[in-house]
Amino acid sequence: MKKNWLYILYILLLLGNILPAKGHTCITDKDFVLVIDAGHGGHDPGAIGRISKEKNINLNVALKLGKLVEENCPDVKVIYTRQRDVFIPLDRRAQIANDAKADLFISIHTNSLAQNRTVKGASTWTLGLAKSQANLEVAQRENAVILYENDYKTRYAGFNPNSAESYIIFEFMQDKYMEQSVHLASLVQKQFRHTCKRHDRGVHQAGFLVLKASAMPSILIELGFISTPEEERYLNSQDGINTLALGIYQAFCTYKQEQKARRGDANSGNRSSFSPQKAPNAVPASAQPKEEGKKTVNGRPVFKIQICTSAELLKSNDYRLKGLKGVEHYQEGGLYKYTYGASEDYNAIVRLRRDVIGKFKDAFIIAFRNGQKTDVNQAIRDFKKNNSSN
Ligand SMILES: [Zn+2]
């Protein structure tokens, strides 16, 4: 009797130890979750070429990429939004990534141009406001897939993929994963150039719904032009599929290694420690110094307000700067970061921030020392100390 009871206790303890762990196995035993999204599928063919459909090219490269990662990166869990020719709504693709708490989302597409059948090359896109009509058209074409969904008006809150006005939502958006996304995009383009010998059409930004809905660094790749016969043949060849997948795979490896190194450096589990809009840069509520009208001296931190970031250099009259005069910029992580105001008086910058927050709701204070960006919290502490000791 007693022996039975002990046996049951032993089983219960065992279950208690094992079951919760087992329940999480598919997420926690992998360091990194990669979602690979083959664009289009099912009754949505994507762009149509002379001998092929975009949906199949995307799937071939997606599966090959996933295979390379699965075979060579045991610490990475690969999740596909689709592994066969089925229709997946656009928001569902992002939801799959969000539900999996993915570290990275790579969407694979193939470009097409109706008139020009000679244009060639690969491009990689991140979320942002399109700089040109041509860039906007790429996003419009990809977003138009939601028209295949009956209830797209409700599901996408009235978003009309074909109306330029709908894209205003991308103007006031702050993407905290922008820096990582742009960095990965440039790594992919570098691989396309060197490993794949493709014509480099660069890294661009535009308002892709699928990227907007995914809460992690994310990129959308346009492998090439299905509308250009020479490229279409390449995109459908085994060599083309293998080489393009290899290029993306190598870029992914570099990205992941760099991120691991950064996480190691930071000695923390913060996946986004080098994201520009993260808390370390924000002004903590507890760091409000007392009001004091002290004269400033050289060698002390200079406070500025960061208002926005962009992958491309903006002209001073660019509408995204919303008419602010005297906007400056610095470069960090492959991005241009725009600042407003400059003062050694932290309080003056706090007041100035109140003036611009209506236009730039995510504006935050940063600090420079001897022209180099420095830890803002330390700078605030220095400011308070200098003010109280005089
Ligand atoms: Zn597409």
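Structure: see above.
Residues numbered from 1 in each chain as written. Predicted model: local features only at pLDDT ≥ 70, side-chain atom pairs only at ≥ 80, totals over all residues. Heavy atoms only, no water.

> Could you give an account of the coordination of the zinc ion, naming the residues involved and the relevant values?
At the metal site, the zinc ion is ligated by His40 (NE2), Glu54 (OE), His109 (ND1), Glu142 (OE) and Glu142 (OE), and these contacts range over 2.0 to 2.6 Å. In primary-sequence terms, the residues that donate to the zinc ion follow H-x13-E-x54-H-x32-E. Of this pair, His109 sits in strand β3 (residues 104-111) while Glu142 sits in helix α4 (residues 133-143), and the two are 33 residues apart along the sequence. Since its relative accessible area comes to 5%, His109 is described here as buried. (Donors = N, O, S within 2.8 Å, 3.2 Å for Na, K, Ca; no water. Helix = DSSP H or I, 4+ residues; strand = E, 2+ residues; numbered from the N terminus. Buried < 20%, exposed > 50% of the residue type's maximum accessible area, 1.4 Å probe, protein only.)

> Summarise the state of the cysteines; cite the residues concerned and give the values.
A complete count under the given rule lists 0 disulfides for this structure. Not engaged in a disulfide, the cysteine Cys253 finds its nearest cysteine sulfur in Cys73; these two sulfurs lie 4.4 Å apart. Given a relative accessible area of 17%, Cys253 falls into the buried group. (Disulfide = S-S within 2.5 Å.)

> Give a detailed account of the environment of Lys384, specifying residues and quantitative values.
Assignment of secondary structure puts Lys384 in helix α11 (residues 376-388). A residue is classified by how much of its surface remains accessible, and Lys384, at 33% relative accessible area, is partly exposed. Linking Lys384 and Asp345, residues 39 residues apart in sequence, is a C-alpha distance of 9.9 Å.

> Could you give an account of the pairing of strand β2 (residues 76-80), naming the residues involved and the relevant values?
Where burial is concerned, most of β2 is hidden: 4 out of the 5 residues are buried. Pairing analysis gives 5 bridges linking strand β1 (residues 32-38) to β2, with the strands arranged parallel. When the sheet's bridge partners are listed, Ile36 is paired in β2 with Tyr80. Handedness of the crossover joining β1 and β2 through helix α2 (residues 54-72): right-handed. (Pairing = 2+ DSSP bridges. Right-handed = clockwise from strand over helix to strand, strands pointing away.)

> Report on the packing of aromatic side chains, specifying residues and quantitative values.
Summed over the entire model, instances satisfying the criterion amount to 10 aromatic pairs. The rings of Phe159, Tyr167 and Phe170 are connected pair by pair, giving a single aromatic cluster. Positioned above the aromatic ring of Phe360, the side-chain terminus of Lys322 is 4.7 Å from the ring centre. (Phe/Tyr/Trp six-rings, centres within 6.5 Å; stacked < 30°, edge-to-face > 60°. Lys NZ or Arg CZ within 6 Å of the ring centre and 35° of its normal.)

> Before we move on, could you go through helix α3 (residues 90-99) and cite the residues and values that matter?
All of the buried residues in α3 are Leu90, Arg93, Ala94, Ile96 and Ala97. Angularly, the buried residues of α3 cover 150° about the axis, an arc narrow enough to put them on a single face. Buried-residue contacts for α3 involve β1, β2, β3, α4 and α7 (209-212). (Arc of directions from axis to C-beta. Contact = heavy atoms within 4.5 Å.)

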